[in-house]
Amino acid sequence: MPPISMHPGRLIKAPESFLTPAGVHAVIQEGKQGRRGFLRGAFAAAAASVAGPQVMAQGNPVPTEGGDPHIMQLPAHATGLGQGVATLGYGQPSQFEINLQRRQSPGLTQTTQASVSFAPLQSLFGIVTPSGLHFERHHQGWWDIDPSKHRFMVNGMVKTPKVFTMDEIMRLPSVSRFHFIECGANTAVEWANVAVPTVQYTHGMLSCSEFTGVPLITLLELAGADLKQGKFVLAEGGEGSSMSRTIPMSLITSGEVIVAYGQNGEMLRPENGYPLRLVVPGIQGVSWIKYLRRVEVGDQPYATKDEAVHYMDLQPNGQHRQYTNIQECKSVVTTPSGGQVLLDQGFYNITGLAWSGKGKVKRVDVSVDGGRNWRAARLETPMLSKALTRFNLDWVWDGKPAIIQSRAQDETGFVQPTYQQLRAVRGTRSIYHNNAIQSWLVQENGEVKNVQVS
Ligand SMILES: Nc1nc2c(c(=O)[nH]1)N[C@H]1C(S)=C(S)[C@@H](COP(=O)(O)O)O[C@H]1N2
Ligand SMILES: [Mo]
């Protein structure tokens, strides 16, 4: 295996090109034509000098006469004066990254206020989702709430009901932890084999951030909560959806549940619950209450509207699974993935993400032949509990059709199921909690498609 590894996605046409709004489309196409040609040539040249021509895919045009103009002719940025600190204030991505965007799925009906935007997993590196690309799920629209007017109440089975201001919360001892959040409805349309075109739409209701805040247990203790009789906590959002969910006290006493104001080193973004949201590691996104205004300590589950009619799984026997909160072990290859195009045969870095609501990811295996043979992928650090884990695997594409899959295993020994295994247990009428193995078909022309392999 040649020791060559390129930026994932950089050899590959990003899937955005055929899905962006018409207006942006032309700009992107223009920018990309030039850039893609450049990268392709640059890779060929670099590979030829560094690792020898044997590692190169066939058909890469190495400029023969006069050298590569992008190397031979000095560009303005190598000879002129750069710009001063034009970006005093808040910095922005490069103009060439204009197609790195959240998107709404072609597989879902959207209304303005009850909406979802998906994170572009195919274009992200490492495990952290940039805050501006974090997925969004709003049941009644988002708000930018004035933190000086926001209040957080603790009541129910407590000695002294308390109301906290943001200032009071931010004086308390804080923790910062990396965790994934996944909507219980992530990958939902794949139950019906709708086969939306890209990993952004199959798996993009998934993000991972460093969250900062106060453990909920600290706030409960300040109110003198009854931690013996109080077995559950109701968490309630402050906007029109009145989103409310029951959280088992055991998750809270472990110190894991955080009343968070920080995300990736700054305050939460408005669309992610500014100024306060609940972080419930390993649990489906709906319990991560945004615009958090109240928690109530109680002795039984609350069966709120958001847990009595939504986020339940209709089983083959006609009964509903309720309070299925934990996001079980799951993974997905993000490159190569649906909508991307392999430009040539030869070396590729297969990369993807794995996660488990029950702890750390222990192992990820990757198949390039639809699940007949598996190879262990490299797990990259950091490998954190209830956070995304990045995996990579060297692959030389021989130009023949290939079906790429990943299968994760967590520290409890749980192995991510195939569709056949999942349907055998869950039937065909589920919407939520699809953690089946995802398959991407690489066709001979290099185009990658979403397929389902049973
Ligand atoms: N107040 C409030 N909290 C909420 C929601 C909401 O609509 N309102 N949506 C929930 C759902 S279903 C999910 S998946 C996550 C989405 O969080 P995000 O928008 O930050 O990605 O927030 C949860 N918390
Ligand atoms: Mo959700």
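Sequence order as written defines the numbering, with residues in each chain counted from 1. Working convention: letters from A go to chains and numbers from 1 go to ligands, in the order in which they are written. In keeping with the model being predicted, local features are shown solely for residues with a pLDDT of at least 70 and side-chain atom pairs are shown and tallied solely at 80 or more, while totals for entire chains, interfaces and linings include all residues. Think of the side-chain values as coming from all heavy atoms in the structure, minus any hydrogens and water.

Asks: Provide a residue-level description of the overall build of the protein chain, including the pertinent values.
Replies: Strands are runs of DSSP state E lasting at least two residues, helices are runs of H or I lasting at least four, and both sets are numbered from the N terminus onward. Looking only at helices and strands, one finds nine helices and 25 strands in the protein chain. Exposure is judged per residue with a 1.4 Å probe applied to protein chains only, and the accessible area is read against the type maximum: over 50% gives exposed, under 20% gives buried, and values in between give partly exposed. Of all 454 residues assigned to the protein chain, the portion counted as buried reaches 49%. Long-range contacts, defined as pairs at least 24 residues apart, comprise 71% of the intrachain contacts of the protein chain with a sequence gap of at least 6. In this description, accessible areas are obtained by the Shrake-Rupley approach with a 1.4 Å probe, and a residue is regarded as covered only by the protein chains that are shown. When the accessible area of the protein chain is evaluated, it comes to approximately 20,600 Å², of which 54% is carbon and sulfur surface. Two residues form a contact once any of their heavy atoms are found within 4.5 Å.

Asks: Break down the confidence of the model for the protein chain for me, with residues and values.
Replies: Residues shown with low pLDDT carry predicted positions that ought not to be read at fine detail. The quantity called pLDDT is the predictor's confidence in a given residue, expressed from 0 to 100. The predicted model of the protein chain averages 86 in pLDDT, with 85% of residues at 70 or higher. This stretch, residues 1–11, has a pLDDT under 50; its non-local contacts, to residues over four places away or in other chains, come to 29 contacts. Here residues 17–60 is a poorly scored stretch, pLDDT under 50, and it has 58 contacts once near neighbours within four places are set aside; other chains count.

Asks: Give a detailed account of the sheet that holds strand β24 (residues 439–442), specifying residues and quantitative values.
Replies: DSSP bridges decide pairing: two strands pair if at least two such bridges lie between them. The antiparallel open sheet is built from five strands, whose spatial order is β20-β19-β23-β24-β25. At either end of the open sheet lies a strand with only one pairing partner, and these are β20 (375–376) and β25 (448–451). Of the pairings in the sheet, the one linking strand β19 (residues 361–367) to β20 comprises two bridges and is antiparallel in character. Residue pairing in the sheet places Asp365 in a bridge with Ala376 of β20.

Asks: Can you break down the side chain of Asn349 residue by residue, with the values?
Replies: Structurally, the position occupied by Asn349 is in strand β18 (residues 346–355). Overall, the relative accessible area of 10% leaves Asn349 in the buried class.

Asks: Before we move on, can you summarise the sheet that holds β18 with the specific residues and values?
Replies: Spatial ordering of the open sheet is given by β16-β18-β22-β21, a layout of four strands whose pairing is antiparallel. Each edge of the sheet is formed by a strand with only one pairing partner; in this case those strands are β16 (330–335) and β21 (378–379). Taken together, the two bridges between β21 and strand β22 (residues 389–397) define a ladder with antiparallel strand orientation. In the strand pairing of β22, Leu379 is matched with Phe391.

Asks: Account for the site of ligand 1, naming residues and giving values.
Replies: Around ligand 1, the surrounding shell holds 22 residues, and the nearest of these are Phe135, Glu239, Asn272, Arg277 and Lys290. Nitrogen and oxygen atoms within 3.5 Å of one another constitute a polar contact, given that in protein one can donate a hydrogen and the other can accept it, and given that sequence-neighbouring residues count only through two side-chain atoms. A distance of 3.3 Å is found between an oxygen atom of ligand 1 and a side-chain nitrogen or oxygen belonging to His134. Interatomic distance of 3.1 Å between a backbone N/O atom of Trp288 and a nitrogen atom of ligand 1. When the free accessible area of ligand 1 is taken as 530 Å², the share hidden by the protein chains comes to 100%. The biggest single contributor to the shell around ligand 1 is strand β3 (residues 136–138), with three residues. Throughout, the term near means that a residue has one or more heavy atoms lying within 4 Å of the molecule or strand in question.

Asks: Describe the pairing of strand β5 (residues 162–165), and please don't skip the residues or the numbers.
Replies: In the sheet, strand β4 (residues 151–156) pairs with β5 via four bridges, with the strands oriented antiparallel. In the sheet register, Arg151 faces β5, and the bridge partner there is Thr165.

Asks: Please set out the nonpolar core residue by residue, giving values where relevant.
Replies: The nonpolar side chains of soluble globular proteins are, as a tendency, buried together. Here, nonpolar core refers to any group of buried Ala, Val, Leu, Ile, Met, Phe, Trp, Tyr and Cys residues whose side-chain atoms link them within 4.5 Å. Membership of the largest hydrophobic core comes to 84 residues, with the highest contact counts inside it found for Phe152, Leu216, Leu220 and Leu278. At five residues, β18 tops the list of elements feeding residues into this core. Per-domain counts for this core show at least three residues from each of domain 1 (17–57 + 327–453) and domain 2 (136–321). In contact with Phe152, not counting residues within four places along its chain, are Lys162, Val163, Phe164, Ile169, Leu216, Leu219, Val259, Leu276, Leu292, Arg293, Arg294 and Val295. For the domain bounds, the source is a domain assignment made automatically or taken from a database.

Asks: Provide a residue-level description of the environment of Glu328, including the pertinent values.
Replies: Considering the arrangement of structural elements, one finds Glu328 in the loop between β15 (320–321) and β16. Glu328 gets classed as partly exposed once you look at its relative accessible area, which sits at 32%. For Glu328 and Gly357, which are 29 residues apart along the polypeptide, the C-alpha to C-alpha distance reads 5.4 Å. Dropping the residues within four chain positions of it, Glu328 is found in contact with Trp355, Lys358, Phe414 and Asn435.

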